[in-house]
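Topology and contacts: notes
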Amino acid sequence: MSTNKGKLYLIPTRLGDNPPLEVLPISIKKIVEELDYYIVENEKTARRFIKRISPNKSQPSLKLQVLNKYTTVEERNTFLNPCLEGISIGLVSEAGCPAIADPGADIANLAHQMDIRVVPLVGPSSILLALMGSGMNGQSFTFNGYLPIDKSERKSKLKTLERLSAEHNQSQIFIETPYRNMKMLEDLVSILHPNTRICVACDLTLPTEYIKTKIAKEWKNNKEDFHKRPSIFIIHKD
C-alpha cells in the first residue's frame, strides 16, 4: 500500500440531535478538523454536523461529494481520486457508523480496490447498541435490514427468521421505516410464537432512549408509542 496516498476515514455521526461530544470521542473532532474533503449522503446535514463538531472550521474550504441513490457508478468511482494525490477523505454517514446498513460500504470497497487505507473510527452503531441492551445472544446474530412490506412475504420471512433463531441460537436483528414501527410490533406479536423474545430499542443514545425485551405475548399490552422513533427490532426463539 502506497504511503503517499491519502486515507479514507469512516466518520460516525450522532444517532439524534444530542451534542456531538456526548456520544463521539474527541478523536472524531481531531480528524474532522484535519480534513477538507468529504463524501456524504446529504450536503446540508453533513455541513451542519461538521459545524457542530468543529465550529471554527472554514465551511467554504469544504469539498463535499454527495453519495445517494442518484449517484451514478461513474461518479462514485471518481470520489476517491484525491486520495491518489495524497489527500485524505472523510466518509460521513447520515446517522451512526458509515458502511453499516449504509451506502458508504461501496466507497470502502472501492478504497480497497484502489489500495487506499480504510480507517474506521469509533462511534455509535444503533445495531450493536440495541443488541448489547437486549439481553439476547451477542455471540451469534444476523442483521437482516428491512423486511418485506407485503403481508404474506413478511409473515413468511418472520417465520423463517424465528426458525433460524431457534436452530442456531441466533439473534435476528432488523429495522423498519419509523412510521411503520407500530405495525411491525403488531405483526411480531401476531405472527411469532407467544414465547419468542422480542426486543424494541428506540431513540438510542437520546434522552428518550427505550430498550425493552419481553416475550411476544407480553407485548400485547404495550403502552409505549414508537411511531416515527428510529428503532431496532430483535427476535430470539429459545
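Reference entry: report on the structure contained in this document. On a predicted model such as this, the values are computed, not experimentally measured, just so you know.

1. Focus on the sheet that holds strand 10 (residues 231-236)
In space, the five strands of this open sheet follow the order 6-7-10-8-9, with mixed pairing throughout. The open sheet is flanked by strand 6 (141-146) and strand 9 (210-215), the only strands paired with a single partner. Averaged over all pairs of adjacent strands, the angle between their axes in this sheet comes to 20°, without regard to strand direction. Alignment of strand 7 (residues 171-175) against strand 10, held across four bridges, turns out to be antiparallel. Within the sheet, the bridge partner assigned to F174 lies in strand 10 and is F233. Across the sheet, helix 7 (residues 126-134) is in contact with strand 6, strand 7, strand 8 (197-202), strand 9 and strand 10; its angle to strand 10 comes to roughly 45°.

2. What about the packing of aromatic side chains?
In total, this model carries three aromatic pairs according to the counting rule given. Taking 6.1 Å as the distance between ring centres and 10° as the angle between the ring planes, the aromatic pair formed by F174 and F233 counts as stacked. Highlighted residues: F174 in strand 7 and F233 in strand 10, separated in sequence by 59 residues. On the basis of relative accessibility, which here comes to 0%, the residue F233 falls in the buried class. An aromatic cluster of at least three residues, connected via ring pairs, comprises Y210, W219 and F226.

3. Concerning the packing of helix 2 (residues 26-34) against helix 3 (residues 43-53)
Interhelical geometry of helix 2 versus helix 3 gives an angle of 115° and a closest axis separation of 10 Å. Regarding the angle of helix 2 to helix 3, the classification is roughly perpendicular. In terms of crossing hand, the pair formed by helix 2 and helix 3 is left-handed. In this structure, helix 2 uses I28, K29 and V32 to contact helix 3, whose residues at the interface are F49, I50 and I53. Broken down by class, the residue content of the contact of helix 2 with helix 3 amounts to five nonpolar, no polar and one charged.

4. As for helix 6 (residues 104-113)
Where helix 6 is concerned, the buried positions are G104, I107, A108, L110 and A111. Looking down the long axis of helix 6, one finds its buried residues gathered within 160° of arc, a one-sided arrangement. Away from the buried face of helix 6 by more than 90 degrees, exposed residues H112 and Q113 are located. Packing partners of the buried residues in helix 6 comprise strand 1 (8-11), strand 2 (37-40), helix 4 (73-76), strand 4 (89-92) and strand 5 (118-120). Looking at the residues trailing helix 6, positive phi occurs at D115, about 60°.

5. Here we look at the side chain of Q59
With respect to the secondary-structure elements, Q59 resides in the loop between helix 3 and strand 3 (63-66). Not counting residues within four places of it along the chain, the set of residues in contact with Q59 comprises R47, I50 and K51.

6. Structural notes on the sheet that holds strand 1
Spatially, the five strands line up as an open sheet ordered 3-2-4-1-5, and their pairing is parallel. A strand with exactly one partner marks an edge of an open sheet, and here the two such strands are strand 3 and strand 5. Put simply, the sheet's adjacent strands are angled 25° from each other on average, direction ignored. As paired elements, strand 1 and strand 5 share three bridges and run parallel to each other. Each residue of the ladder has a partner; that of L10, found in strand 5, is P120. Helix 2 contacts strand 1 and strand 2 of the sheet and is inclined by roughly 135° relative to strand 1.

7. Thoughts on the pairing of strand 3
Pairing analysis gives four bridges linking strand 2 to strand 3, with the strands arranged parallel. Residue pairing across strands places I39 opposite Q65, the latter belonging to strand 3. For the handedness criterion, the β-α-β arrangement of strand 2, helix 3 and strand 3 is classed as right-handed.

8. A look at the packing of helix 8 (residues 151-168) against helix 9 (residues 181-191)
Two elements in contact, helix 8 and helix 9, have axes whose closest approach is 11 Å; the angle formed by their N-to-C orientations is 60°. In terms of their interaxial angle, helix 8 and helix 9 are classed as oblique. The way helix 8 lies across helix 9 gives a crossing that is right-handed. Note on element contacts: helix 9 touches helix 8 through M184, D187, L188 and I191, opposite R154, K155, L158 and K159. When its residues are assigned to classes, the contact of helix 8 with helix 9 shows four nonpolar, no polar and four charged.

Calculation criteria
Residues numbered from 1 in each chain as written. Predicted model: local features only at pLDDT ≥ 70, side-chain atom pairs only at ≥ 80, totals over all residues. Heavy atoms only, no water. Pairing = 2+ DSSP bridges. Helix = DSSP H or I, 4+ residues; strand = E, 2+ residues; numbered from the N terminus. Axes fitted to C-alpha atoms, helices over the stretch in contact; angles between N-to-C directions. Contact = heavy atoms within 4.5 Å. Phe/Tyr/Trp six-rings, centres within 6.5 Å; stacked < 30°, edge-to-face > 60°. Buried < 20%, exposed > 50% of the residue type's maximum accessible area, 1.4 Å probe, protein only. Parallel < 35°, antiparallel > 145°, perpendicular 65-115°, else oblique. Left-handed = near helix turned anticlockwise from the far one by under 90°. Nonpolar A, V, L, I, M, F, W, Y, C, P; charged D, E, K, R; others polar. Arc of directions from axis to C-beta. Right-handed = clockwise from strand over helix to strand, strands pointing away.

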